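This is what each chain is made of:
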Amino acid sequence: MKIIYAKDYDDMSKKAAALLAAVVTAKPDCVLGLATGSTPVGLYRELIRGYEEGRLDFSRVRTVNLDEYCGLTADSDQSYVYFMRENLFDHINIDPANTHIPNGANPDAAAECARYDALLDAMPADIQLLGIGNNGHIGFNEPADSFAVGTHQVMLTKSTIDANARFFAKPEDVPRSAYTMGIAGIMRAKKILLVANGVNKAEIIEKVATGPVCPQVPASVLRLHPDVTIVADSSALGCLQKSCPALISEE
Ligand code: GLP
């Protein structure tokens, strides 16, 4: 696991975008595993800039997203499919038919999860982008007693509902469950890139980097993957900088 220091959000977004862009340039028909949340928004802005300036071509790129709330339709402005259109897909030359997100409007969880796993089997990600929840969740793989392997429906924890309430008109509007790629789906990616910023992420980043690998801290499993890069800003690295500065590299 490589941990790269960024001085602030902007620097984190630029450094992480450069890593993702390198994959697109090297393999024009690559599969990008994408994430939602506020953290990757700046990175997506950088990718859009790369496209506008003629440096990046997404015409053959395919994407698989990590997760989606259950019960929201694609036109709900809180759905992750809407988020992806707003923050990336509508602003680059990607073919919408090449973008894949679990269908939160499908009430048949078993069928939806099986459909998504078959899709992931057919197109494993060349690079999987991740944010991280304050409790260490990746995608919506919440702290649990065991690592969930495949795509599954998950009941969101109170910590996640509280953290995501800022995006909804009222906390009661936050969906109680989601479909998420499982840990195996994430770990199958050839490369993994996790972004984190802000002081709220400092404790969890330290735990992920130095604590035990356990399902109670879902992101800790990333230490078992051979090619993981974390790009985090100085605030998110605050705890690690005190306890284990040698783990942090400048580039
Ligand atoms: C949501 C998403 C995660 C994301 C997390 C952190 O719960 N399912 O994929 O990493 O939020 O969000 P933020 O980047 O806003 O802190």
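Everything here concerns the structure above.
Numbers given to residues run from 1 along each chain, matching the order in which its sequence is written. Where totals are concerned, whole chains, interfaces and linings use all residues; where local detail is concerned, this predicted model gives features only for residues with pLDDT of at least 70, and gives and counts side-chain atom pairs only at 80 or more. Calculation of side-chain values draws on the structure's entire complement of heavy atoms; hydrogens and water are dropped beforehand.

A few words now on the overall build of the protein chain. Strands are runs of DSSP state E lasting at least 2 residues, helices are runs of H or I lasting at least 4, and numbering of each runs from the N terminus. Summing up its helical and strand segments, the protein chain has 8 helices and 11 strands in all. Between the two quantities, the radius of gyration covers C-alpha atoms and the globule rule is 2.2 Å times the number of residues to the power 0.38. Against the globule reference of 18 Å for 251 residues, the protein chain gives a C-alpha radius of gyration of 17 Å, in line with a compact fold. For the protein chain, the C-alpha atoms occupy an extent of roughly 45 × 45 × 35 Å along the three principal directions. Relative accessibility thresholds used throughout: buried, under 20% of the residue-type maximum; exposed, over 50%; partly exposed, between the two (1.4 Å probe, protein chains only). A buried classification covers 54% of the 251 residues belonging to the protein chain. By sequence separation, contacts in the protein chain at least 24 residues apart represent 79% of the contacts at least 6 residues apart. Note on areas: Shrake-Rupley, 1.4 Å probe, and residue coverage restricted to the protein chains presented here. Summing over all exposed atoms, the protein chain offers an accessible surface of approximately 10,800 Å²; the carbon and sulfur share of this is 54%. Note on contacts: a residue pair is in contact if any heavy atoms of the two residues lie within 4.5 Å.

Let us look at the packing of aromatic side chains. When two rings of Phe, Tyr or Trp (its six-membered ring) have centres within 6.5 Å they constitute a pair, described as stacked for plane angles under 30 degrees, edge-to-face for angles over 60, and tilted for the intermediate range. All chains considered together, the criterion is met by 4 aromatic pairs. Aromatic pair Y69 and Y80: ring centres 4.8 Å apart, planes at 40°, arrangement tilted. Residue Y69 is located in strand β4 (residues 67–69), and its partner Y80 is located in helix α3 (residues 80–87); the two are separated by 11 residues in the primary sequence. There is no split in this pair, since Y69 and Y80 are both buried. Judged by centre distance (5.7 Å) and plane angle (80°), the ring pair of Y69 and F168 falls under edge-to-face. Within this pair, whereas Y69 is found in strand β4, its partner F168 is found in the loop between α5 (158–164) and β8 (177–180), the two being separated by 99 residues in sequence. Assigned by exposure class, Y69 and F168 land together as buried.

Further remarks concern the sheet that holds β4. Pairs of strands are assigned from DSSP output, requiring at least two bridges between the strands. Read from one edge of the open sheet, 3 strands run β4-β8-β7, paired in antiparallel fashion. The outermost strands of the open sheet, each flanked by one partner alone, are β4 and β7 (152–155). Across this sheet, the average inter-strand angle for adjacent strands is 25°, counted without regard to direction. Taken together, the 3 bridges between β4 and β8 define a ladder with antiparallel strand orientation. The residue of β8 that forms the bridge with D67 is T180. Only the stretch in contact is used when a helix axis is fitted, and all axes are lines through C-alpha atoms; the angle between N-to-C directions ranges over 0 to 180 degrees.

Moving on, we get to the pattern of salt bridges. The salt bridge criterion pairs a side-chain nitrogen of Lys or Arg with a carboxyl oxygen of Asp or Glu, the two atoms within 4 Å. Scanning the model with the defined rule gives 12 salt bridges in all. Here K190 and D126 are joined by a salt bridge, their closest N and O atoms 2.8 Å apart. Remark: D126 occurs in the loop between α4 (109–122) and β6 (127–130) and K190 occurs in the loop between α6 (183–187) and β9 (191–196); sequence separation between them is 64 residues. Among the residues examined, K190 registers a relative accessible area of 52% and is labelled exposed. Residue classification places D126 among the buried residues on the basis of a relative accessible area of 7%. Shared partners join several salt bridges into a network, and the residues in it are E46, R49, E53 and R55.

This paragraph deals with the sheet that holds β6. Spatially, the 8 strands line up as an open sheet ordered β5-β3-β2-β6-β9-β10-β1-β11, and their pairing is parallel. Sheet topology places β5 (99–100) and β11 (248–249) at the edges, where each strand pairs with a single neighbour.

Attention now goes to the packing of helix α2 (residues 41–52) against α3. Viewed as axis vectors pointing N to C, α2 and α3 meet at an angle of 45°, and their least axial separation amounts to 10 Å. Accordingly, the angle class assigned to the pair α2 and α3 is oblique. Residues V41, Y44 and I48 of α2 pack against F83, M84 and N87 of α3. Oblique is the label for any angle not under 35 degrees, not over 145, and not in the 65 to 115 range, which are roughly parallel, roughly antiparallel and roughly perpendicular in turn.

Further remarks concern the site of the ligand. The local shell around the ligand holds 14 residues, among which S38, T39, D67, R166 and K201 are the closest. One of the side-chain nitrogen or oxygen atoms of T39 is found 2.4 Å away from an oxygen atom of the ligand. When the ligand sits alone it has 390 Å² of accessible area, and the protein chains cover 96% of it. Only Asp, Glu, Lys and Arg are considered charged in this grouping, and only Ala, Val, Leu, Ile, Met, Phe, Trp, Tyr, Cys and Pro are considered nonpolar; every other residue, Gly among them, is considered polar. Counted by class, the shell around the ligand contains 3 nonpolar, 8 polar and 3 charged residues. Consider each residue's heavy atoms; a residue with any of them within 4 Å of a molecule or strand counts as near. Under this definition, polar contacts are N or O atom pairs within 3.5 Å; protein pairs additionally need one hydrogen-donor-capable and one acceptor-capable atom, and for neighbouring residues in sequence, both atoms have to be side-chain atoms.

Quick look at helix α7 (residues 202–210) now. Turning to α7, its buried residues number three or more, namely A202, I204, I205, V208 and A209. Along the axis of α7, the buried residues cluster in a sector spanning 165°; they form a single face. Arc definition: it is the arc formed by the directions from the helix axis to the C-beta atoms.

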